[in-house]
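Fold and contact review
The chain contents come next:
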Amino acid sequence: MSDYALNRVLYEHARAHKMPESIGPDEVAGYDLTPEERAALASADLDALFHLGANPYLIRRVFRRRFAL
Amino acid sequence: MASIVAAGLTSHAPNITATPDAAPAQRARFLAALAEMRRRLLEARPDLVVMFVNDHVQNFFYDNLPAYCVGVGDRHWAPRGAAGFLKIPQRQVPGAAGWGKALLAEGLEAGFDLAVSHDLEFWDDVSVPAHFLMPEGTLPILPVLTNCVAPPLPTPRRSWALGAFVRRFIDARPGSERVALIATGGISHWIGVPNTGHINPDWDRWVLDTITEGRGEELAALTWEDIERDGGNGGQEIRNWISVLAAVPGVKGEVLAYEPVKEWLTGCGAVWLHV
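Our subject in this report is the structure included herewith. (Residues numbered from 1 in each chain as written. Chains lettered and ligands numbered in written order. Predicted model: local features only at pLDDT ≥ 70, side-chain atom pairs only at ≥ 80, totals over all residues. Heavy atoms only, no water.)

Digging into the pattern of salt bridges
- The full count for this structure, using the stated rule, is 17 salt bridges over all chains.
- Taking the shortest distance from any N to any O, the salt bridge between A:Arg8 and A:Glu12 comes out at 3.0 Å. You can see A:Arg8 and its partner A:Glu12 sitting in helix α1 (residues 4–15), four residues apart, about one turn around the helix.
- Two residues, B:Arg38 and B:Glu136, come together in a salt bridge whose shortest N-O distance is 2.6 Å. Taken together, the positions of B:Arg38 in helix α2 (residues 24–43) and B:Glu136 in the loop between α5 (124–133) and β7 (141–146) put the pair 98 residues apart, joining distant regions of the chain. (Salt bridge = Lys/Arg side-chain N within 4 Å of Asp/Glu carboxyl O. Helix = DSSP H or I, 4+ residues; strand = E, 2+ residues; numbered from the N terminus.)

In structure tokens, the structure reads:
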């Protein structure tokens, strides 16, 4: 399974300079995501996103509020 | 012929400006080093600054991701939309379009097939160092970007070859252009990965020692795995430094500052190369 769609979701948020707490199902409608990817975005599970192939720089940028620093 | 009149290496990090109250003592020392780098840069009276930098997935996404790219726009955003977050003013800096197009064409002739962009938007990669080094926004900037953030990455050996090619290009330029080289990025940092915030000062000091002793080519022998283990995913940005070191091989560096700044999540170095 390609991680392209997952990264696409994060990239679209990054380009719009959005820094949400999480990315829910309404915001990923139409993206070809697996249930695991949808769950990781909805819960902003950073480790899960990393292991699913999300680019770390996009994780950091979009979910910046989830990091201590 | 054109000549290289100045060369410097510096880390970049968004929190240098985004969290201005963090780590005040370390911040003061690092910014003093950038002020000294600025003084030396201006003293060298360059006509343009070639900046070896990397995208952070803001210009290039997985639908079109160059290993190397030259920015030939008449101007570049540094920053645009990231200005609010970086807490520095949105601005456009002048480019060096003719110089970049000549580099592009010569690269194609020489077997270095650079990608090309006429419209680049920078984050902390250019915006933060330029905010301190070139706040006037009058010096033309020619960006050369290396993919350091979306593996598989070009090898450090290839980044060395790129820097050596840029040096040959400068040597062959007609006229008496005065060229400055600045690389940004590194040194060690772990970003967006499970151990985000880790810094490895031992590796950073090893990197700095190779440069101060004029042994920068040793960095070109590093593998992706070496860097990922010792310098973290952010350490992969050392490719930018390697290209500048290749343009001035054997030149000894002077460390103006080294600060492993926890709040910036980065082992921050600032190095002047005595060209």
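Focus: the packing of aromatic side chains
- Scanning all chains against the criterion turns up eight aromatic pairs over all chains.
- Ring geometry for A:Tyr11 versus B:Phe61: centroids 4.3 Å apart, planes at 10°, classification stacked. In this pair, A:Tyr11 sits in helix α1 while B:Phe61 sits in the loop between β2 (48–53) and β3 (68–71), so the two residues belong to two different chains. Note on accessibility: A:Tyr11 and B:Phe61 belong to one class, buried.
- Here B:Phe30 and B:Trp264 contribute two aromatic rings whose centre-to-centre distance is 5.8 Å and whose plane-to-plane angle is 75°, an arrangement assigned as edge-to-face. With B:Phe30 in helix α2 and B:Trp264 in the loop between β9 (253–261) and β10 (266–273), this pair connects stretches of sequence that are 234 residues apart. For the pair B:Phe30 and B:Trp264, one class covers both residues: buried.
- Connected via pairs of aromatic rings, a cluster forms that spans A:Tyr4, A:Tyr11, B:Phe61 and B:Tyr62.
- Geometry around B:Phe112 places B:Arg158 over its ring, the cationic atom sitting 3.7 Å from the centre. (Phe/Tyr/Trp six-rings, centres within 6.5 Å; stacked < 30°, edge-to-face > 60°. Buried < 20%, exposed > 50% of the residue type's maximum accessible area, 1.4 Å probe, protein only. Lys NZ or Arg CZ within 6 Å of the ring centre and 35° of its normal.)

None of the figures reported here should be taken as evidence of function without further support.
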